[in-house]
Amino acid sequence: MKAIRRFSVRTVLPEPIAALGELASNLRWSWHEPTRRLFSDIDPERWLKVRQDPIALLSDLTPDELARLADDHAFVDRVRGAKDDLDRYLREDRWYQGWAREQQDGAPAAIAYFSPEFGITEVLPQYSGGLGILAGDHLKSASDLGVPIVGVGLFYKTGYFKQSLSRDGWQQEEYPVLDPDDLPLALLREEDGTPCVVTLGLPHGRELRAHVWKAQVGRVPLLLLDSDVPGNDDGARQVTERLYGGGGEQRLEQEMLLGIGGVRALRLWSRLTGAPAPDVFHTNEGHAGFLGVERISEHVAGFGLSFEEAREAVRSSTVFTTHTPVPAGIDRFASDLVRSHFGGPLEPVGVPLDQLLALGAEDYDGGDPNVFNMAVMGLRMAQRANGVSQLHGHVSRDMFNGLWPGFDEDEVPITSITNGVHSTTWVDPLVFEVAREFLGTDAVEDDDAVGVAHAGDFRVHDDQRAGRGCGSRLEAGFDSGGRVDEDAVKALVLDQAANHALEDLGVQGVLVAGLRGGQHVQGVEALVLDQRLLQRGLALHHVHEVVHHAALAAHDEVEVAQADVEVDDRDLLAAARQAAGDAGA
């Protein structure tokens, strides 16, 4: 039975702590440790119970608890400080603003970034794997750098399935239903308060309508289209039900909504907020490829261009990134299915059906003439295209070589840009604390911190060198004046980060291999950590920088400190001992 009407209740915060609402709604908290600590300190146990979700935490507090927080002057000061810090972050010039001023030909005022999934935080489960995590990291990094990106995606009612194992060992899938009103999202509305609606035509006189939700990712708005809205039939409502779900027709309509509907959502966003229209459109894989069709239609209808002129104008401002190394990972639709969705009365203005079909045609040796290939359309519609690593660039040039007949593989215009990560998301805060303590800076993403330490004239005190009472000891190669060389700094940072993390987890052990004697430390082989530490994301379990250089080659004595290592799996302990033994071999 369908509900007659749905009501959503949000917690009303007392005025002294009202800024908690804005702090919770801006997803910067997901990578900004001081803001996370602010929410955690309200009630650490409850923070974990609600899976570190600020909105859920605030909703779980009683009026009396909120009133006590509002009467806590120290806490109110922290809230105000966090809000002031967020305001500065949102308005101050960052790297991009300085770079843009130096460009004689100008710089993009806005960049549209399309992806079928975005992995920002577990609180907003709109991702399944690497593509989503990469897209999420791109938005976070763009925010920190001040790059004027606008993200465009879909809102999936059940997200991606959660996996579990049955008693018999079989995989089970569960699709939890999400309510956008319980998430850090805001619905785009017209001036009269009604929800904004994006509409696409479908075969047999049907329509696909979508509302647009906005997530604020630091400085970056992320627009998510949702087809589970009034006015849609059941089939249209299910278009955005699941990420990568459904059959061919549902998947095609999903990608039409992402590409065509995404461009229309951007136009809505600019009209409502005054934000500049994007100068550049970037698409991850071919999922959003139909954005090019919509933009060609805009240029024909709005500027009186021919199809060919409009295609070249659109192509000049489009970037395409391919992610998959195998043809099976590419979306391909039957040409007849595409024809039914773009032919006759559904033909886009200025985009003849035969021209549209040609954009995705596999009209090369080995291609299927009855298939419409989304990656092929993406490549044909992009001025620049890239893979996501040097090797993947090589694979992609070979895989799509047929689009450029007569070109040698190394001449195929697909470059490579190696995937990166948003360091603040993935590096444990303890590492930054160690960097501040021993290197004098935590700006490890801006500077070579080891180089800074090596060039600087700071000294490491004896108590710091000893590891602050940790269960392990690293005897590094300091000169008589207390200066550290590059390798010693590396070793100290790793040793300290590991032990601080272990202390935080209540674990009393770590295996550390170091060198005795007068030799400088060349590296650390085995920081073999408890599995709980690995779950914290501190990827120090196999720092493979140990040399088989002069110190080890000379068979200097290797000290291995071990104390109360709690390991459930005996094989892990054996592996740790083996690693320590290998370091001294």
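A. Seen up close, the overall build of the protein chain. Helix and strand content of the protein chain: 24 helices and 16 strands. Considering the protein chain as a whole, with its 585 residues, one finds that 48% of them fall into the buried category. The long-range share in the protein chain, meaning contacts at least 24 apart out of those at least 6 apart in sequence, stands at 66%. Total accessible area on the protein chain stands at roughly 28,600 Å², and carbon and sulfur atoms take up 49% of it.

B. Geometry of the side chain of Glu253. One can find Glu253 in helix H10 (residues 248–273). Under the relative-accessibility criterion, Glu253 is labelled buried at 4%. Those residues in contact with Glu253 that sit more than four places away from it in its chain are Leu202, Arg206, Leu208, Val239 and His341.

C. Focus on the packing of helix H11 (residues 291–303) against helix H12 (residues 307–315). At a minimum axis separation of 9 Å, H11 and H12 run at an interaxial angle of 125°. With respect to their mutual orientation, H11 and H12 come out oblique. The hand of the H11/H12 crossing is right-handed. Counting all contacts with H11, which are made through Gly292, Arg295, Ile296, His299 and Val300, the residues of H12 involved are Phe307, Ala310, Arg311, Ala313 and Val314. Looking at the contact of H11 with H12, its residues break down into six nonpolar, two polar and two charged.

D. Quick look at the nonpolar core. Within the largest apolar cluster, 52 residues are counted, with the highest numbers of intra-cluster contacts made by Phe114, Leu225 and Phe290. When residues of this core are assigned to their parent elements, the largest contribution, ten residues, is made by H10. Membership of the second largest hydrophobic core comes to 27 residues, among which are Tyr96, Ile111, Tyr113 and Leu222.

E. Representation of unusual backbone geometry. Even without being glycine, His204 reaches a positive phi, approximately 65°. Relative accessible area serves as the criterion here: at 81%, His204 is assigned to the exposed category. The phi dihedral of Glu285 is positive, around 60°, even though this residue is not glycine. Along the chain, Glu285 falls in the loop between strand E9 (280–284) and H11. Glu285 gets classed as buried once you look at its relative accessible area, which sits at 6%.

F. Region of the structure containing the pattern of salt bridges. Using the criterion set out here, one finds 26 salt bridges in the structure. For Arg46, the salt bridge is made with Asp43, and the minimal N-O distance between the two is 3.2 Å. Taking relative accessible area as the criterion, Asp43 reaches 21% and is therefore assigned partly exposed. Across the pair Arg271 and Glu190 runs a salt bridge, and its minimum N-O distance is 3.0 Å. With Arg271 in helix H10 and Glu190 in the loop between strand E5 (186–187) and strand E6 (198–201), this residue pair connects regions lying 81 residues apart in the sequence. Here the salt bridges share partners, and the residues they tie into one network are Asp43, Arg46, Asp60 and Glu65.

G. Seen up close, helix H8 (residues 130–145). The end-to-end C-alpha distance of H8 is 22 Å, a good match for the 22 Å that 16 residues give at a rise of 1.5 Å each. When H8 is considered as a whole, its buried residues turn out to be Leu131, Gly132, Leu134, Ala135, Gly136, Asp137, Leu139, Lys140, Ala142 and Ser143. Positioned one or two residues after H8, Gly146 has a phi angle of 80°, which is positive.

H. Focus on the packing of aromatic side chains. Counted under the stated rule, the structure contains eight aromatic pairs. Each ring, one from Phe290 and one from Phe372, has its centre 6.0 Å from the other, and the planes form 10°; the classification is stacked. Separated by 82 residues along the polypeptide, Phe290 in the loop between E9 and H11 and Phe372 in strand E12 (residues 371–373) bring together distant segments of the chain. The same class applies to Phe290 as to Phe372, namely buried. An aromatic cluster of three or more residues is present, and its members are Trp95, Tyr96 and Trp99. Sitting above the plane of the Tyr175 ring, Arg242 keeps its charged end 3.5 Å from the centroid.

I. Focus on the pairing of strand E13 (residues 384–387). In the sheet, strand E10 (residues 318–321) pairs with E13 via three bridges, with the strands oriented parallel. By the bridge assignment for E13, Phe320 is matched with Ala385. The pairing of E13 with strand E14 (residues 415–416) spans two bridges and is classified as parallel. Paired with Asn386 across the two strands is Thr415, which belongs to E14. The parallel pair E13 and E14, bridged by helix H16 (residues 390–399), forms a crossover whose chirality is right-handed.

Criteria and thresholds
Residues numbered from 1 in each chain as written. Predicted model: local features only at pLDDT ≥ 70, side-chain atom pairs only at ≥ 80, totals over all residues. Heavy atoms only, no water. Helix = DSSP H or I, 4+ residues; strand = E, 2+ residues; numbered from the N terminus. Buried < 20%, exposed > 50% of the residue type's maximum accessible area, 1.4 Å probe, protein only. Contact = heavy atoms within 4.5 Å. Areas by Shrake-Rupley, 256 points an atom, 1.4 Å probe, with all protein chains shown as cover. Axes fitted to C-alpha atoms, helices over the stretch in contact; angles between N-to-C directions. Parallel < 35°, antiparallel > 145°, perpendicular 65-115°, else oblique. Left-handed = near helix turned anticlockwise from the far one by under 90°. Nonpolar A, V, L, I, M, F, W, Y, C, P; charged D, E, K, R; others polar. Core = buried A, V, L, I, M, F, W, Y, C linked by side-chain atoms within 4.5 Å. Salt bridge = Lys/Arg side-chain N within 4 Å of Asp/Glu carboxyl O. Expected span 1.5 Å × (residues − 1). Phe/Tyr/Trp six-rings, centres within 6.5 Å; stacked < 30°, edge-to-face > 60°. Lys NZ or Arg CZ within 6 Å of the ring centre and 35° of its normal. Pairing = 2+ DSSP bridges. Right-handed = clockwise from strand over helix to strand, strands pointing away.

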